[in-house]
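# Structural overview
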Amino acid sequence: MSANHATTGAPVTAAGGRVAGKVAFISGAARGQGRAHALRLAAEGADIIAFDACGPVSSQGAPPASKDDLVETVRGVEALDRRIVAGVADARDFDAVTGVLAEGLDQFGRVDIVAANAGIQGIASSTAEASEQDWRAVLDTNLTGVWNTARAAVPHLVARGEGGVILLTSSSLALKAVGNFGAYTAAKHGVVGLMRTLAVELAPHHIRVNSIHPTTVRTPLLLNENNWRIFRPDLAHPELADVIDLYRGLNLLPVPWVEPEDVANALLFLASDEARYVTGVAFPVDAGMSVK
């Protein structure tokens, strides 16, 4: 009987790492949080199936990841002596997502952990003034893309009958709304609803489902001039120094952001048997933003 099925006793962690022998399927893995997730899980013994769009996405609101970024993720995982299958796929394209997963299953024969992480920021504006294109682009990536990533893996998790873990990246803005990010906030709230529904549906199969809610994270999604203009529209070309105190003011703890590794550490905990009875939970990694 696996630890996921145990009803008594302490959780069992495989020798050599907290997720040793597992296979993780990760979206948005070329850089930022997705790369941090891949490296953290690999460091604890998991093999990785990874994908990223590796190019511009409509209404992205930040510079896109590249194929070179994904290659760097592959190098990092292999440097940890773990195996990785990586492909270019847009989370909005279910066939492309299933194609990458199928290649990984051919190599590894299983999937145990799903990290639906891919997302875009969108173009900041008042909700009533947002364009239909911008609205659809953010919902399609940040909600439908998360659904696509999860639903691609669910049949394999259920069929194998050994349980599993699905982790959906949401946001602190699903716990506390702010202005001018209507599509992003709506999508991230939707992720919570999706998480809770999947948790109910998949519990009989010993599959746990949770969402993770970061505040600002020090990634290219945050650290770019487009983002800085949102906070300092009075400046033609704002720089990090012009906004860092504003970032710090978002959080209860006096920090401007958390690191990708902070989010990856939370994901590792939720993916491990240490969290074997944690399901249906919205897990904040937000420096207290949601309670400020």
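Residues numbered from 1 in each chain as written. Predicted model: local features only at pLDDT ≥ 70, side-chain atom pairs only at ≥ 80, totals over all residues. Heavy atoms only, no water.

## Comments concerning the sheet that holds strand β3 (residues 84–88)
Pairing within the open sheet is parallel, and its 7 strands lie in the order β3-β2-β1-β4-β5-β6-β7. Sheet topology places β3 and β7 (282–285) at the edges, where each strand pairs with a single neighbour. Here the average twist between neighbouring strands, direction ignored, is 15°. Judged from the 3 bridges that link them, strand β1 (residues 23–27) and strand β4 (residues 113–116) form a sheet pairing that is parallel. Counterpart to F25 in the pairing with β4 is V114. (Pairing = 2+ DSSP bridges. Helix = DSSP H or I, 4+ residues; strand = E, 2+ residues; numbered from the N terminus. Axes fitted to C-alpha atoms, helices over the stretch in contact; angles between N-to-C directions.)

## Brief notes about the nonpolar core
Residues F25, L101, I166, L168 and V209 are the most contacted members of the largest nonpolar core, which totals 34 residues. Of all the secondary structure elements, the ones that give two or more residues to this core are β1, β2 (47–52), α3 (94–108), β4, α4 (132–160), β5 (164–169), α5 (182–202) and β6 (207–214). It is α5 that provides the largest number of residues to this core, a total of 7 residues. Beyond its immediate chain neighbours, meaning those up to four positions away, F25 contacts I49, F51, V97, L101, V111, I113, V114, A115, T149 and A153. Membership of the second largest hydrophobic core comes to 28 residues, among which are I26, A42, V165 and A275. (Core = buried A, V, L, I, M, F, W, Y, C linked by side-chain atoms within 4.5 Å. Buried < 20%, exposed > 50% of the residue type's maximum accessible area, 1.4 Å probe, protein only. Contact = heavy atoms within 4.5 Å.)

## Here we look at the environment of N227
Locating N227 in the fold gives a position in helix α6 (residues 225–231). N227 sits in the buried class, given a relative accessible area of 3%. Between the C-alpha atom of N227 and that of Q121, which follows or precedes it by 106 residues, the distance is 9.0 Å.

## Focus on the pattern of salt bridges
Summed over the entire model, instances satisfying the criterion amount to 15 salt bridges. A salt bridge links D245 to R248, with the shortest nitrogen-to-oxygen separation between them at 2.6 Å. With D245 and R248 both in helix α7 (residues 240–250) and 3 residues apart, this pair spans about one turn of that helix. Among the residues examined, R248 registers a relative accessible area of 30% and is labelled partly exposed. Connected via shared salt-bridge partners are R110, D112, R160 and E162. (Salt bridge = Lys/Arg side-chain N within 4 Å of Asp/Glu carboxyl O.)

## A word on the packing of aromatic side chains
This model, assessed by the stated rule, comprises 4 aromatic pairs. Plain terms: the ring middles of F269 and F283 are 6.2 Å apart, the flat faces sit at 45° to each other, and that makes the pair tilted. You can see F269 sitting in helix α8 (residues 260–271) and its partner F283 sitting in strand β7, a full 14 residues away along the chain. Residue F283 is classed as partly exposed on the basis of its relative accessible area of 23%. One aromatic cluster in this structure is built from F231, Y247 and W257. (Phe/Tyr/Trp six-rings, centres within 6.5 Å; stacked < 30°, edge-to-face > 60°.)

## Brief notes about the pairing of β5
Consecutive side chains of a regular strand alternate in pointing toward one face of the sheet and then the other. For β5, a buried count of 6 out of 6 residues is recorded, marking the element as mostly surrounded by other parts of the structure. Of the two faces of β5, both are covered, the one formed by G164, I166 and L168 as well as the one formed by V165, L167 and T169. Direction of pairing for β4 relative to β5: parallel, over a ladder of 4 bridges. Bridging from a neighbouring strand, A116 pairs with L168 of β5. In the classification by handedness, the crossover that spans β4, the intervening α4 and the parallel β5 is right-handed. Here β5 pairs with β6 via 6 bridges, running parallel. Within the sheet, the bridge partner assigned to L168 lies in β6 and is S211. (Right-handed = clockwise from strand over helix to strand, strands pointing away.)

## Quick word on unusual backbone geometry
The phi dihedral of C54 falls on the positive side, at around 55°, and the residue is not glycine. Taking relative accessible area as the criterion, C54 reaches 12% and is therefore assigned buried. With a phi angle near 65°, D81 is a residue other than glycine that sits in the positive phi range. With respect to the secondary-structure elements, D81 resides in the loop between α2 (67–79) and β3.

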